[in-house]
Amino acid sequence: MAGALADVRVIDLGTVIAQPYNTGLLADLGAEVIKIAEPAAAERAATGAALRFRNPNLIPMGIYRDRNKESISLNLRHPKGVALLKELVRQGDVVIENFSPGTMDRMGVGYEVLRAVNPRIIYGAVSAFGQTGPYSHHRGYDILAQARTGYGSVTGFPHQPPTRAGNSITDYYAGLLCAFAVLAALRHRERTGEGQAIDIALFEALFMQLEGYVERAKNDGEVLSRQGNESLTHGPSCAAYESQDGWLAVDAHRDEWWAGLSRALEQPEMARDPRLSTYAARRDNADLVRSTLASWVAARTSEEGERRLLDAGVPAARVLTVAEMVESPQVKARGVYATVVHANAGRQTITGTPFGHLSETPGQVHSAPPLANQHVRPVLKRVLGYTDEQIEELEAEGVFRA
Amino acid sequence: MADALAGLRVLELRQGIAAAYCGMLLSDLGADVVIAIDRVMAEDPDPPLAAQLYLDRNKRSVLLDPAAENGQQLLLALAGWADVAVEELLPDTRARWHVDPDLWRRARPDLIYASITPFGRTGPDADRPASDLIVQALSGFMNITGFPEDPPTRSGTSLSEYYTGVATGVAVLAALRHRDRTGRGQLLDMALLDTLLTAMEGVPDTFFRTRELRPRTGNSNPLFPGYGFYEAKDGHVATAIQGVNIWPRFCIAIDRPELAERPEFTSQADQDRWGAAVSAALIPWCLEHTRAEIVERLVAFGVPAAPVNTLADVIHEPPLADRGMLVEVDDPRRGRITITGSPLHLSETPGRVRRAAPAPGQDSREVTAELRPGTAARAAAQSPA
């Protein structure tokens, strides 16, 4: 089955998380992604993985994001490396990068230069605060976006400091937004022949996910802050509670779920009690909601609580570890994890695609994350028509080594 | 300015953030997005009311009665009108509305039907009731967030809904490309859990290799020294002192250039000593300075840093105004208000906020009139309550 993006060629200068995630998604959908890997960066990632887990045979934990891609290591400090990049861009549809704003210009391959090479090119950039604006020169990481957006102030427990989410949540949002923008720009190009530049900011990507808290702060002067495991929007009827043997997440914020809860707790009056029977009443009587749920959950195991709530149609789940999650029948049935054979590390199970269940063009993991420069020959032959002799000559001149 | 998705017709059926966010992104780029609701859903707590203020901008709203014959006709007319249906309904609503993707797709083989559910339409948990909180619990995400002495911790927003909203947008645009080539629509079976799992940073991948689990490490991680939230005199700051090239700048910024010469900082090879030394220099220095002092100083020396803001702080951040991320609109219910703008900065087809979120059913008459005349005549939409 051909992927939906089988005719799209992406020249991918992305590093770290957001852009590799973006181009990994495009590759799942069939795009031809040529990763321009800087060897030093690849080595740093590999060294980091080996050090962190004290095991030299490991591959980097985030390498799954490079599934389905081919890799060339271009030395962009070499004039012939720059020339080669331009040749690839001439044959490409999309260029992806996440350098600090201005870096591509300094390397001589900024948007204006690449647009002159290929007016149809779509240039997708992710940066900390965007290519414009007062903070465009700030360097950016997820942790800074979690800080500056206020996201940290709404995560965690009231008795603790603002709390960071346990992974780089912002990068994934930004990568997804860039993928979305790239596909929209491709659609525009199909009609007009016109390429364009895309400017996605980590800060804004996370700011978008604040669920109306910004509107409440800005228009109503209501400044929400962290409430532990209770939903800031829905309150304690949507929260995690301690059981005899762990933590149980329960969501009964909707009327029909609350009615189910009253059946599960064998307290039918709960569904009729005016202090509890409506969404607004449950928000007003948070203490009663909290104590009702907390005492019921505390009196049983997570497994029993989960079973009784689910039997009554109430969303509930034990709070799983990653080890438990990967064994869950649903996760296995959906095939989120894929097995690939990595050139160095051999058979590996890696995180796969969120697009595995598109009826006509399902996303697929068809090849393992590449080694740096693994595909220099096939790519230059296929895309640019180079011969072995030409490639060896460039190799000898140091075009493929930083 | 042109709109990349001008002429694209989207029917949004939603009781969740993911479908609403997907619709918002499509509408920002010019798609014509129509939300269909009934009187029950007009009072629905999902998506949250405050979030609707920005998630529903640019959209139109049609109120119909799914139990009445003309309501069903109107729904089918909308399904016939749309290029794309984005559906995130609870199972009982789907039944009440008689929404059936298989039926709709048989009638319209070129329809792109995006289904958003917690676990997907296949697998043993396909019908299990759930929401973002449940997905956060089952994904393992809560078990890598928070402090070791605290419980596993949820993220402060419905993060799986947002991830899946954008991922669904990506799937929709890819499916449109496929349709342009082949004339065929498709069913996009998107799951909150699937999408969140692809954003778990390789923690599961590492577990497969080592059988080791990343513990909760609070606001910093010993494996990434200098990367985290740190206490300042008047609150908290975030820094990302990542790698050996940032370290010397940090030493100069805190007026301790001699630290840069110490052997453990010239190479990252000795991770433990490096981490301990970074913490020993960073933590006391932050405690002696205010957030503003720390950020100003570090940023001036090229060391990534930011204040840990409250929501009262963030709305005053200069880049938001500068880049159109806070937009004033005339809301039909609230009057002049400010909402979150569009993150889609495209040079030729920028994302735009054209109008405020509609009141429920605000556009019933207008949309009905635009539907195919024969159908529209039979299916008179209800006026808003």
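Residues numbered from 1 in each chain as written. Chains lettered and ligands numbered in written order. Predicted model: local features only at pLDDT ≥ 70, side-chain atom pairs only at ≥ 80, totals over all residues. Heavy atoms only, no water.

1. Side note on the overall build of chain A
Here comes step 1: Looking only at helices and strands, chain A has 17 helices and 12 strands in total.
Here comes step 2: Principal axes of the C-alpha set define a box for chain A whose edges measure 80 × 50 × 45 Å.
Here comes step 3: Buried residues in chain A amount to 62% of all 402 residues.
Here comes step 4: In chain A, the share of contacts with a sequence separation of at least 24, taken over all contacts with a separation of at least 6, comes to 69%.
Here comes step 5: When the accessible area of chain A is evaluated, it comes to approximately 14100 Å², of which 48% is carbon and sulfur surface. (Helix = DSSP H or I, 4+ residues; strand = E, 2+ residues; numbered from the N terminus. Buried < 20%, exposed > 50% of the residue type's maximum accessible area, 1.4 Å probe, protein only. Contact = heavy atoms within 4.5 Å. Areas by Shrake-Rupley, 256 points an atom, 1.4 Å probe, with all protein chains shown as cover.)

2. Re unusual backbone geometry
All names here are of chain B.
Here comes step 1: Here the residue pair Asp46 and Pro47 is connected by a cis peptide bond, since its omega of -5 degrees sits within 30 degrees of zero.
Here comes step 2: With respect to the element layout, Pro47 can be found in the loop between α2 (39-42) and α3 (49-55).
Here comes step 3: Positive phi, normally seen in glycine, also occurs at His98, with a value near 55 degrees.
Here comes step 4: Here His98 shows up in the loop between α5 (91-97) and α6 (101-107).
Here comes step 5: With a phi angle near 60 degrees, Asp255 is a residue other than glycine that sits in the positive phi range.
Here comes step 6: As for its position among the elements, Asp255 is in the loop between α11 (247-253) and α12 (271-287).
Here comes step 7: When its relative accessible area of 58% is taken as the criterion, Asp255 is described as exposed.

3. Observations regarding the pairing of strand β6 (residues 196-201) of chain A
All names here are of chain A.
Here comes step 1: A large share of β6 lies buried, amounting to 6 of its 6 residues.
Here comes step 2: Side chains Gln196, Ile198 and Ile200 project from β6 onto one buried face, and the interleaved Ala197, Asp199 and Ala201 project onto a second face that is buried too.
Here comes step 3: As defined by bridge partners, strand β5 (residues 122-127) adjoins β6 across 6 bridges and the pair is classed as parallel. Paired with Ser127 across the strands is Ala201, a residue of β6. (Pairing = 2+ DSSP bridges.)

4. Notes on the domain arrangement of chain B
By a frequent convention, interface size equals the accessible area lost on bringing the separate parts together.
Here comes step 1: The assigned domain composition of chain B is domain 1 (9-199 + 343-381) and domain 2 (227-314).
Here comes step 2: For domain 1 of chain B and domain 2 of chain B, the distance between their C-alpha centres works out to 43 Å. (Domains from an automatic or database assignment.)

5. Brief notes about helix α10 (residues 255-264) of chain A
Residues and elements named next belong to chain A.
Here comes step 1: Those residues of α10 not exposed but buried are Trp257, Trp258, Gly260, Leu261, Ser262 and Ala264.
Here comes step 2: Packed against the buried residues of α10 are β8 (235-242), β9 (247-251), α11 (279-284), α12 (286-298) and α13 (302-311).
Here comes step 3: One or two positions beyond α10, positive phi appears at Glu266, with a value near 55 degrees.

6. Some words on the sheet that holds strand β1 (residues 9-14) of chain B
Residue and element names in this part refer to chain B.
Here comes step 1: Within the open sheet, the 6 strands sit side by side as β3-β2-β1-β4-β5-β6. Their pairing is parallel. Two strands close off the open sheet at either side, each with one partner strand: β3 (60-63) and β6 (186-191). Across the sheet, the mean angle separating the axes of adjacent strands is 20 degrees when strand polarity is ignored.
Here comes step 2: Bridge count for strand β2 (residues 32-37) against β3 is 4 bridges, and the pairing is parallel. The residue of β3 that forms the bridge with Ile35 is Ser61.
Here comes step 3: On the sheet, helix α1 (residues 17-28) packs against β1, β2, β4 (84-88) and β5 (112-117) and is oriented at approximately 160 degrees with respect to β1.
Here comes step 4: Across the sheet, helix α8 (residues 159-182) lies against β4, β5 and β6, angled at about 160 degrees from β6, the strand it touches most. (Axes fitted to C-alpha atoms, helices over the stretch in contact; angles between N-to-C directions.)

7. Some details on the confidence of the model for chain B
All names here are of chain B.
Here comes step 1: Averaged over every residue, the pLDDT of chain B is 93; the share at 70 or more is 94%.
Here comes step 2: Note that pLDDT drops below 50 for residues 375-385; the model gives that stretch 29 contacts with residues more than four away or on any other chain.
Here comes step 3: Across the predicted assembly, pTM comes out at 0.97 and ipTM at 0.97. (pLDDT = per-residue confidence, 0-100.)

8. A few points about the sheet that holds strand β8 (residues 235-240) of chain B
All names here are of chain B.
Here comes step 1: Strand order in the open sheet formed by 3 strands is β7-β8-β9, and the pairing between neighbours is antiparallel. Strands at the two margins of the open sheet, each flanked by one partner only, are β7 (227-232) and β9 (305-307). Taking the axes of each pair of neighbouring strands and ignoring which way they run, one obtains an average angle of 25 degrees across the sheet.
Here comes step 2: Here β8 runs beside β9; their pairing, made up of 3 bridges, is antiparallel. By the bridge assignment, Ala238 is partnered in β9 with Ala306.

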